[in-house]
Amino acid sequence: MSETALRLSPLYEAYREQVADWAVVNGMTLPRAFGRSGLPPVTLSDVSALARCGCKGPGAADWLVSQGVPVPAAFNSWTATENGLVARLAASEFLIEDARAERIETLTRELSKGRRSASGPCYPVLREDAALLLAGPQANEVLLQTCNIDFAGLDLATGPLVMTSMVGVSVLVIAQKRPTDVAYRIWCDPTFGCYLWRTLLEIVRELGGDAAVHTL
Amino acid sequence: MKRLPPQAGEWIDRGKPLRFTFEGIGYEGYAGDTISSALLAAGVRVLGRSFKYHRPRSVLSLANHDVNALMQVSSCFSVPNVRADVTPLAEGLRATAVNTIGGVARDRARFLEWLAPFLPVGFYYKAFHKKSQFPFWERVFRRTTGLGTVDFSARRKGSPKRYAFCDVLVIGGGPAGLAAADAALRAGARVALVDENPRLGGSGLYNLGGADGERQAEETRRLAAIAAAGAVVYVSSYAAGYYADHWVPIVTPGHVVKMRARAVVVATGAYEQPAVFRNNDLPGVILASAAQRMLARYSIAPCKRAVVLAANDDGYRAARDLAAHGVEIAAVVDLRGANSRGAVPPGTLVLEGHGIHEALADSQGALRGVRVAPLARDGTLDGYQAREFECDGLLMSTGWAGAAPLLYQAGARMEFSAELQQFVPAACPPGVYAAGRVNGVHGFAQKLRDGAAAGRAAAAQSRKPGSVDGAAPSCRQERAQSGMPSHPYPIFAHPKGRNFVDFDEDLQLKDFFNAAQEGFDNIELMKRYSTVGMGPSQGKHSNMNAIRVLAKILGRTPGEVGSTTARPMFHPVPMSHLGGRGFMPERATPLEGRHAAASAVWMPAGQWQRPEYYAVENQTREAAIRAEVAAVRGAVGVIDVGTLGKIELFGRDAGAFFERIYTAKFAGMKVGSTRYGLMLDESGVVIDDGVIARLGEEHFYFTTTTTGSATVYRELTRLNAMWRMEVGIVNVTGHFAAINLAGPRSREVLAPLTALDLSEATFPYLGAREAQVAGLPARLLRVGFVGELGYEIHVPASGAAHLWDQLMKTGAAHGIRPFGVEAQRLLRLEKGHIIVSQDTDGVTNALELGMDWALKMDKPFFVGQRSLEAMGRLPRKQALVGFTLDEPDTGMPKECHLVIESDEPAGRITSIAHSPAVGRVIGLALVAPALSKVGSTLNIRIDGGRMVRATVSETPFYDPKNLRQKQPETA
């Protein structure tokens, strides 16, 4: 593998010893495979390589609209975009994630210029989150063992975004409806990433699942 | 006792025999048996010994409360205090009774009963009254009483913690609970149902009353099937407590489920209560419901010939159940008067207005007969008219106590019903409903109606909170149809005693009278003095009788006496369940792997693990740290400072905001510069410090202490909300990595990695720049915490490892070396730089630090300024000073060692180390102002009480003019 890739995932140290084959995605070193085939009942994936940025401030919503970014109307909700998503973390704070790094780079560049809309300023927020994906029929069981939120009871049509504590770590969680199941996206401060990954993976494995590569 | 022929609904699987041992003797039972049922079926009558007198004991309830049949059970490791009455039998299981000396049959401690006259109530406390006797009695009590033995070789069991959610939680899978679940399911609610038994149905499947109970069992099975199909069902599980907002811990065999419900139906039933008479503890004296469970679940005849002591309809139902299975009924003894008898099998002798004067023991200590006497008008028994009946079983059915701890914990208002002779809920809090026996409703049909009403109300409440009154659903009619299920005083004195009120602790009736006589005549005081209800069953079979006894003593009603507090967990929970899987959040910088590869020795710093130093083969810790220090002073070192808090401030008012929160001035601060900041609370106490960099007119980036980032961010957010300034605050602590490159060669190491002009003239000391470093967008701060030319380089966290690698690569030719926290501590100590929370504490104010240069008291305002002004007018209480040790060979002080003056503490060491640069032991200390003058002598008391001397010195100890931090590029 190339350990001289410019970026390493915040979860890299958590799985480094178990991975033999590596790839570089969006300039970040990621596993090409975790070595287990088949379709386990629950999988945990590292999707930290997705490009993302954040913005904050009274003018953030208007500024995003001016950039052609769809803005969720409700706080604590999210909306899908063509290649990613936009999450509204508060009245004036947003997380934008996109598989296309260039889209995020453009937004970040503009933000760093100190943008101001009619409703006020808009500040950039560096987002180097650890980003995880929990999927499979047993995914909700992992959440039930780690988090005091009834995800099964959420109305997914409203795009709810949950800010809560998971195994003692502050996380953002959204549930994404997929053709055959519901997958959960989880973001946390990168310095808690390895702890969160190791703890979740222990439970995932108890349930017959394992780490898996998710194609971005 | 014998195993009955196979019958429908029995819990045992006769096709799966299981072999096990008890007290070393081999037995056989069936899958589905409990340890107790298998032993009873094998004819074993004595299952344990009592706690205090070591009397032979056996089954009482067969309902999870047989505390005199606790066992030490061994498989791969030994488990103490296993409840044999509910623990499933397993192949190869090895069980022994707890609390015996020499085994249950020949327990050598049984002689203790002879000493009973010398062991009055409160003996335990009286024995400990004199301190000098404490060790003696402690040894005696530990040897002669107690329960099982903890096996310390047992493996730690990491049982998972699990949350669960439902609309309606129904606690109790008996008739009322099943009816509640059915009604809630019909209303469309998500229902969870909990029952402590392995199968649903409760008394609906064993309290049958003979053949006419088949319709009742059929209805119970129908409801159980509906619940199993529609609800999430937890069997062999119990709700161990109730917490606010309908939080209920459910203890399952493997783990605890934290259930959050929108509404809760408590249908926990009732504990059948024993009568109190002489020898009411003999093996063979059991509760009637226990006998019915034996019959229906395990197909065991509890005896060959029985006497039934009844004071309600349930006693007669039990008699009919016994007769239906071929057990001979010697007599039904009814405590009530004439015309209260229920239906009995033809030819059964019924003695109304009689009671049990005493139970008689055989040579093994088990029941062989009873003496039955008529009741006098005052409720006592006339022993002279007693008749003897031979029997090997005595069934007691004289009353019930609602299983109401969860209702108490939920805040239900309980009242004593004289009609029912039971505490029942008068009002429940919103979303909590009671049903069935715990609600004072005892008839089968009535329980179904009561349960259904509770289930409907709970479902409605779960859909729309507040839609249903939180008071208990109307159940007066159902209660009225229950008759009087409990006798008001089924308690009988006997001149020879041994009439037990509490089987856990061997408390006799006389003990309560003696306790009251000694002044403990309040139910809470009596509980603690007599220890009633403080044993393993927590009073489930003794509290109600204790209340009745105290009421009798005081001439009050049980309602006036009241009940004791029922705290969670109200039933024992395995420690492994309570511990569960451990969640201990740990933070790691993105350089964790690089440190590990460099043989870092870790030390905790809040939630972080940081390299204390980097181990080198064949080198001591001290030598390794000295080498790291030497590298920084002589060449170049690199340290991961990513744990520092990192916060950004944006907005037109950002500068003005800093003016208010830090003690320094920021209004005139130039873009591209840094400044040291000291943060105080409103009382002037130092709470944090850091470096503030101005990156733009409206953009600041600053660091906080490692442990202070979250606190500082929260406080700034609070102040911003209060002051309403145009400021945006972003906590980027984890999102930026930070590396401090320090040492005279640091510029040469950094230069190849960046196009930035690093010359002293262009990028001077205390400057701040943004530039590309090793291909990464970076923020560089020229700071000098360790007192050398240095660059603190901040990059996005994902690039940290790359930057580290590049620095190590270009630094190799310059002798670069990573250094850890210990080396950094020494380097900054040589410079006299403080560490907030090490050199300060929770009361150290800024005036005491000798850092007046950092306090701009002429500013209009900063947090803590007013307090400093006030304190400035008063004499100071302490001062932070530097010192050098006079004679290092006399002993090395440690941090927190005291400075002594005139035999009184006059300060303490906050930092200390041997400085290679100074060639002496140097340190910082908070001392009394009188000792703070340079040249003063400090007398320090070290380990062992010895005194060493130090002299107050100027700081910094090293490079006082800060020349090394400003080295020109030619240096």
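Rules behind the numbers
- Residues numbered from 1 in each chain as written.
- Chains lettered and ligands numbered in written order.
- Predicted model: local features only at pLDDT ≥ 70, side-chain atom pairs only at ≥ 80, totals over all residues.
- Heavy atoms only, no water.
- Contact = heavy atoms within 4.5 Å.
- Buried area = accessible area lost by both parts, 1.4 Å probe.
- Salt bridge = Lys/Arg side-chain N within 4 Å of Asp/Glu carboxyl O.
- Polar contact = N/O pair within 3.5 Å; in protein donor to acceptor, adjacent residues only side chain to side chain.
- Helix = DSSP H or I, 4+ residues; strand = E, 2+ residues; numbered from the N terminus.
- Nonpolar A, V, L, I, M, F, W, Y, C, P; charged D, E, K, R; others polar.
- Buried < 20%, exposed > 50% of the residue type's maximum accessible area, 1.4 Å probe, protein only.
- Pairing = 2+ DSSP bridges.
- Right-handed = clockwise from strand over helix to strand, strands pointing away.
- 1 Å grid on protein atoms, 1.4 Å probe; cavity = no way out; pocket = protein on both sides within 12 Å on 5 of 7 lines; lining within 4 Å.
- Points joined across faces, edges and corners; volume = space filled by probe spheres on them.
- pLDDT = per-residue confidence, 0-100.
- Expected span 1.5 Å × (residues − 1).
- Arc of directions from axis to C-beta.

1. Quick word on the interface of chain A and chain B
You'll often see interface size given as the accessible area lost when the parts meet. Facing the 40 residues of chain A at the interface are 45 residues of chain B. The junction of chain A with chain B conceals about 3500 Å² of combined surface from both sides, 53% of it contributed by carbon and sulfur atoms. Between the two partners, chain A and chain B, sit 5 salt bridges. Note that R587 of chain B is salt-bridged to D189 of chain A, the shortest N-O span being 3.5 Å. Our count for the chain A to chain B interface comes out at 17 residue pairs in polar contact (both at pLDDT 80 or more). Elements supplying a minimum of two residues to the side of chain A that touches chain B: β1 (7-8), β10 (120-125), α4 (139-144) and α5 (193-206) of chain A. It is α5 of chain A that contributes the most residues to the side of chain A that touches chain B, 7 residues altogether. A class-by-class count of the residues in the side of chain A that touches chain B yields 19 nonpolar, 7 polar and 14 charged.

2. Section: the pairing of strand β19 (residues 328-334) of chain B
Residues and elements named next belong to chain B. Of all 7 residues making up β19, 6 are buried, and the element is well covered by its neighbours. Here strand β18 (residues 305-310) pairs with β19 via 6 bridges, running parallel. When the bridges of β19 are listed, A310 appears paired with D334. Regarding topology, helix α7 (residues 313-324) serves as the crossover connection from β18 to the parallel β19, and that connection is right-handed.

3. Regarding unusual backbone geometry
Residue and element names in this part refer to chain B. Here the amide bond leading from P568 into M569 is cis, since omega sits at -10°, within 30 degrees of zero. Structurally, the position occupied by M569 is in the loop between α14 (558-561) and α15 (575-579). Omega for the bond connecting T955 with P956 falls within 30 degrees of zero, at -5°, which places this linkage in the cis form. Topologically, P956 is positioned in the segment after β49 (947-953). Even without being a glycine, Q421 presents a positive backbone phi close to 55°. Within the fold, Q421 resides in the loop between β26 (413-417) and β27 (422-427). The class for Q421 is buried, based on a relative accessible area of 10%. In this model, S599 sits at a positive phi of 65°, which is unusual for a non-glycine residue. Assignment of secondary structure puts S599 in the loop between α16 (592-597) and β31 (600-605).

4. Digging into empty space enclosed by the protein
Any empty space left between the atoms is revealed when a probe the size of a water molecule rolls over them. All names here are of chain B. Using the criterion set out here, one finds 9 cavities of 30 Å³ or more in the structure. Approximately 670 Å³ is the volume attributed to the largest cavity. Lining the largest cavity are 42 residues, with E196, N197, T268, G269 and A270 sitting closest to its centre. Broken down by secondary-structure element, the contributors of at least two residues to the lining of the largest cavity are α4 (175-186), β12 (238-239), β15 (270-272) and α6 (288-298). Per-class residue counts for the lining of the largest cavity are 17 nonpolar, 17 polar and 8 charged. In this structure, the second largest cavity spans a volume of roughly 130 Å³. Along the wall of the second largest cavity there are 17 residues; nearest its centre are R57, S58, L60, N68 and F503. Grouping the constituent residues of the lining of the second largest cavity by class yields 7 nonpolar, 6 polar and 4 charged.

5. A look at the confidence of the model for chain B
Segments scoring low in pLDDT should not have their predicted coordinates read at a detailed level. With 99% of its residues at a pLDDT of 70 or more, chain B has an overall mean of 94. Among the prediction metrics, the complex's ipTM stands at 0.96, with pTM recorded as 0.88.

6. A few points about helix α5 (residues 214-230) of chain B
All names here are of chain B. Between its first and last C-alpha atoms α5 spans 24 Å; for 17 residues at 1.5 Å apiece the expected length is 24 Å, and the two agree. Taken together, the buried positions of α5 are occupied by Q216, A217, T220, L223, A224 and A227. Each buried residue of α5 lies within a common arc of 130° when the element is viewed along its axis, so the set occupies one face. Across from the buried face of α5, at angles greater than 90 degrees, the exposed residues are R215, E218 and A229. As for α5, its buried residues are in contact with α4, β10 (191-194), β11 (232-234), α7 and α9 (444-463).

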